[in-house]
Every structure is written in C-alpha cells, then in structure tokens.
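# Observations on chain architecture
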Amino acid sequence: MSLERRTLLGLAAVLGGAPVVHPSVAEQALVPRHPTPSVAPPDPTEIIRLWPDGAPGGEGVTVVPIVPERSTDPAFHDRYAQYTTDPILTVFRPERPNGSALLLIPGGGYRWAVLDKEGYDVARVFAASGTTCFVLRYRLPADGWTAGADAPVQDAQRALRLIRSRATDYGLNPDRIGVLGASAGGHLAGLASVRTEATYDPIDAADTASLRPNLTILMYPVATMADPYVHAGSRTHLLGDAPSVERIAAYSLEQMDWTGAAPVFLLHAMDDGAVPVENSLQLLTTLKAAGAPAEAHLFQEGGHGFGVRLIQGRPAQAWPDLVRAWAARLDFAL
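These remarks concern the structure in this document.

Our next topic: the overall build of the chain. Scanning the chain from terminus to terminus reveals 10 helices and 10 strands. Of all 334 residues assigned to the chain, the portion counted as buried reaches 52%. Long-range pairs, those at least 24 residues apart, make up 78% of the contacts in the chain between residues at least 6 apart in sequence. Counting every atom, the chain has about 15000 Å² of accessible surface; 55% of that belongs to carbon and sulfur.

Their axes nearest at 11 Å, the elements helix H3 (residues 116–127) and helix H10 (residues 319–329) cross at an angle of 50°. By the angle between their axes, H3 is oblique relative to H10. The two elements H3 and H10 cross, and the hand of that crossing is right-handed. Two secondary-structure elements touch here, H3 through Val122, Val125 and Phe126 and H10 through Trp319, Pro320, Val323 and Arg324. Its residues assigned to classes, the contact of H3 with H10 comprises 6 nonpolar, no polar and 1 charged.

Position of isoleucine 66 among the secondary structure elements: in the loop between strand E1 (47–49) and strand E2 (80–81). Relative accessible area serves as the criterion here: at 33%, isoleucine 66 is assigned to the partly exposed category. Between the C-alpha atoms of isoleucine 66 and glutamine 82, which are 16 residues apart in sequence, the distance is 5.4 Å.

This part is about the sheet that holds strand E7 (residues 177–182). On the basis of which strands lie adjacent, the open sheet formed by 8 strands has the order E1-E3-E6-E4-E7-E8-E9-E10 and mixed pairing. A strand with exactly one partner marks an edge of an open sheet, and here the two such strands are E1 and strand E10 (294–299). Pairwise comparison of adjacent strand axes, ignoring direction, gives a mean angle of 20° for this sheet. Sheet topology places strand E4 (residues 101–105) next to strand E6 (residues 132–137); 4 bridges connect them, and they run parallel. Opposite leucine 104, over in E6, you have valine 135 as the bridge partner. In this fold helix H9 (residues 278–290) packs onto strand E8 (215–219), strand E9 (264–269) and E10, with an angle of close to 155° to the strand it touches most, E9.

This part takes up H10. For H10, the complete set of buried residues consists of Trp319, Pro320, Val323, Arg324, Trp326 and Ala327. Burial along H10 is one-sided: seen end-on, the buried residues are contained in an arc of 165°. Opposite its buried face, H10 presents the exposed residues Ala328 and Arg329, each directed more than 90 degrees away. On its buried face, H10 sits against H3, E7, E8, E9 and E10. With its phi angle positive at about 60°, aspartate 331 sits one or two positions after the end of H10.

Moving on: the packing of aromatic side chains. This model, assessed by the stated rule, comprises 7 aromatic pairs. With centroids separated by 4.1 Å and ring planes inclined at 35°, the aromatic side chains of tyrosine 80 and tryptophan 112 adopt a geometry described as tilted. Taken as a pair, tyrosine 80 in strand E2 and tryptophan 112 in the loop between E4 and strand E5 (113–114) lie far apart in primary sequence, 32 residues in all. Here tyrosine 80 matches tryptophan 112 in class, with each residue buried. Consider the rings of phenylalanine 134 and tyrosine 170, whose centres lie 5.2 Å apart with planes at 80°: the pair is edge-to-face. Placement of the pair is phenylalanine 134 in strand E6 and tyrosine 170 in helix H5 (residues 167–170), with a sequence separation of 36 residues. Across the pair, tyrosine 170 and phenylalanine 134 agree in class, each one buried. Across the ring face of tryptophan 145, the terminal group of arginine 139 is positioned such that the distance to the ring centre comes to 4.6 Å.

The grouping of Met270, Leu281 and Leu298 at the surface amounts to a nonpolar patch, some 250 Å² of accessible area in total. Mapping methionine 270 onto the fold places it in the loop between E9 and H9.

Here tryptophan 319 shows up in helix H10. With relative accessibility at 0%, the residue tryptophan 319 sits in the buried group. Along the primary structure tryptophan 319 and valine 308 are separated by 11 residues, whereas in three dimensions their C-alpha atoms are 8.5 Å apart. If we skip the residues at most four places from it in the chain, tryptophan 319 touches Val122, Phe126, Leu180, Met219, Leu267, Phe299, Phe306, Gly307, Val308 and Ile311. Within the structure, the side chain of tryptophan 319 is placed 2.9 Å from the backbone oxygen of glycine 307, a separation counted as a polar contact.

Moving on: the packing of helix H4 (residues 151–165) against helix H6 (residues 184–194). Relative orientation of the contacting elements H4 and H6 amounts to 60°, with a least axis distance of 9 Å. On the basis of the axis angle, H4 is oblique to H6. Pair H4 / H6 crosses with right-handed handedness. Contact residues: Pro152, Val153, Ala156 and Leu160 in H4; Leu188, Leu191 and Ala192 in H6. Residue classes in the contact of H4 with H6 are distributed as 7 nonpolar, no polar and no charged.

Cut-offs applied
- Residue numbering note: each chain is counted from 1, following its sequence as written.
- Only residues with pLDDT of 70 or above have their local features reported here, since the model is predicted, and side-chain atom pairs are shown and tallied only from 80 upward, although totals for entire chains, interfaces and linings are computed over all residues.
- Derived side-chain values reflect all non-hydrogen atoms in the structure, with water molecules and hydrogen atoms excluded from consideration.
- Strands are runs of DSSP state E lasting at least 2 residues, helices are runs of H or I lasting at least 4, and numbering of each runs from the N terminus.
- Per-residue accessibility, obtained with a 1.4 Å probe over protein chains only, is compared with the maximum for each type, and a residue is labelled buried under 20%, exposed over 50%, and partly exposed between these values.
- Every residue pair with non-hydrogen atoms within 4.5 Å of one another is taken to be in contact.
- The method behind every accessible area is Shrake-Rupley, applied with a 1.4 Å probe, and residues are considered shielded solely by the protein chains displayed.
- Every axis corresponds to a line fitted to the C-alpha atoms, with the helix fit spanning only the stretch in contact, and the corresponding angles, defined between N-to-C directions, vary from 0 to 180 degrees.
- To sort the angles, those under 35 degrees are grouped as roughly parallel, those over 145 as roughly antiparallel, those from 65 to 115 as roughly perpendicular, and the leftovers as oblique.
- Two helices crossing with the near one rotated counterclockwise from the far one by less than a right angle form a left-handed crossing, whereas a clockwise rotation gives a right-handed crossing.
- When residue character is reported, Ala, Val, Leu, Ile, Met, Phe, Trp, Tyr, Cys and Pro are called nonpolar, Asp, Glu, Lys and Arg charged, and the others, Gly included, polar.
- Two strands qualify as a pair provided that DSSP identifies no fewer than 2 bridges between them.
- Working definition: the arc comes from the directions between the helix axis and the C-beta atoms, pointing outward to the latter.
- Put simply, two rings from Phe, Tyr or Trp (the six-membered ring, in Trp's case) pair if the centres are within 6.5 Å, and we call them stacked under 30 degrees between planes, edge-to-face over 60, tilted for the rest.
- In this scheme, the term charge over a ring applies when either NZ of a lysine or CZ of an arginine sits within 6 Å of the ring centre and within 35 degrees of the ring normal.
- Each patch is built from residues lacking any salt bridge and having more than 30% relative accessible area; the joining distance is 9 Å for like charges and 5 Å for nonpolar side chains (Val, Leu, Ile, Met, Phe, Trp, Tyr).
- What counts as a salt bridge is simple: a side-chain nitrogen of Lys or Arg found within 4 Å of a carboxyl oxygen of Asp or Glu.
- Here a polar contact is recorded for every N or O atom pair within 3.5 Å, except that within protein the pair must consist of a potential hydrogen donor and a potential acceptor, and residues adjacent in sequence are included only if both atoms are side-chain atoms.

Function-wise, these values are silent; they only describe arrangement.
Put into structure tokens, the structure is as follows:
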C-alpha cells in the first residue's frame, strides 16, 4: 500500500509529535484542480443545424469538409474543422441549468476552427457550473461563399438568434445569452457583438429574435486588421492578400463604434507571440471611449491559444473564475 507525502507527514505528527508540514503555495499551484483523465470524454450528441435548407450563398462552394485529429494522446482531442459547409451548434447541457447560455466561437486564424481546445474543452468548464453551452462550427471566408468575409458573421448572428429563440426549450433567460470567442474566434465574437444589422435575409421565425449577445468574453482576440499588431494570417484568410485601407478599417474592432454594446471581458497573455497584447489594449481604449462596460485581465505568461488545458498550474488558470466573478456582478450566472 502506497501513502502520499501529506498522509505520511500527518502520521508522523500524530505518532511523534512533529508539526504537520503543509504544501507551499507554489506546490499547491502545481496541483491540478481536477484529475487528468486517461481517456478523452465523449462528445455531446445534440447538434443544431444553423441553416436547415443550406447556408446562404453557397452556389460556388466546392470544398469538402474535413475534421483532422492532431492529438496523439488518448487523454484529449485536438481537432480542427476546415472547409465547413453545413454550420452547426454542438450543445453541452448542464446537469443543473442556471438559465444562462454561452455561444463559444473557437479560433483558427479564419483558416479553420479548433473544436476542442477553445470549444469543447471550454464548454465543459462552464457547463459544469450550470451554463448551457453551444459550440459553433462556422463557415470560413475564403471557401467561395457569396458573403465572403461576412459568411462567418452570418453564422454567428444566426446562432445567437437560434439560441435566443429556443430559450424556453433549454430553460434559458433570453436576456442571458453570452458569446465567448478565442483568437480569430474572438474577432468573430466581437463582430457579432458590435454589429447591429443582420448580414443575411431572414429565413424563419427565429430571425425575429435579437442577434446581439448580452455579454461578450474575448480571449486573446484578433481585434485589429491593421499593422503593426495584426495577426497577418487571420487578415489574409478573412480579407485577402491586399485589402484596402477602408476594408481593413471596416473589420478592425478597435475602429468600430461600441456605443450601446454589451459588457466586454478581455483576457490576454503579455507574452503572446502570435496575437500581440496590443490587440486587447487598443480595443479596451475604444471600449472606454464609447462608455461600453469592460474589464480586462492581462497575464504575464501564457502565450497564445492556451484555452483551459495548456495553463494548468499557472496564474492564467484562474481565468474562468475571473469571468464568473465579473459576470456575477452583472447578475449573469456563469
């Protein structure tokens, strides 16, 4: 029979009168909050198709969808969706719903969408505390859709409307629908938060619902399309090789009018080598000038694309709790 260090120290204290030695703060920080699973959890089976009769503007689309697996560890998946033609929501239902919902939009530089790291993994964290989560698998702008750069925006707007229109079915408060986007998904979540007009023609009763979220969470977002802080790959895949100054401005979140937008939570790592922290800092300045409620948390380390799994044992691991505390002050349970 093996005994843990803490157990042995406790027995020594009882038997020999020695003081109990507790693990240091540094040691505690390195202990995962939850045991690492040996096998990845199963995917949810509940799926919502965004466009029952097909996504709009697909007449010239010839791509074939793929979902490659990059992980070689059975404990977790690391998949990405590329060339999506039938956008869907994957639903994570909590055991005890708290009435709130999150639309999760993973990143991938508008080249693909990483399903697990910034989608399913994050959804499980918030579903565990009662939030009904919907992970968006969206279309990509360079795949031949008539809407081009607005094709993913169409999917995000349609997703928000579908969730809100089905609030009763999911036990949701229609005024408690948030969006969480990461990296390029943060850019898409930002567009869904700031734009007030629909980017597609209505197709059914769901399209009478509001298309804007009640709360926005942006993780290390691709905010700007302008030099010098742009993530070049995201801009190329969204706007092409040589977009005009006007087009760059039209898709740069920090150059938009955020007056009247929902509260925004920003989180970013200072050592992000892919999407510079200035993306969040510039957007924060814009939010402040517009009088939009905002909170920002910057971590000294964390890099880019950390999600929840890649920051275990580091300060940025606290970000879901920071988000929950912020949302609670807004009477928004997460």
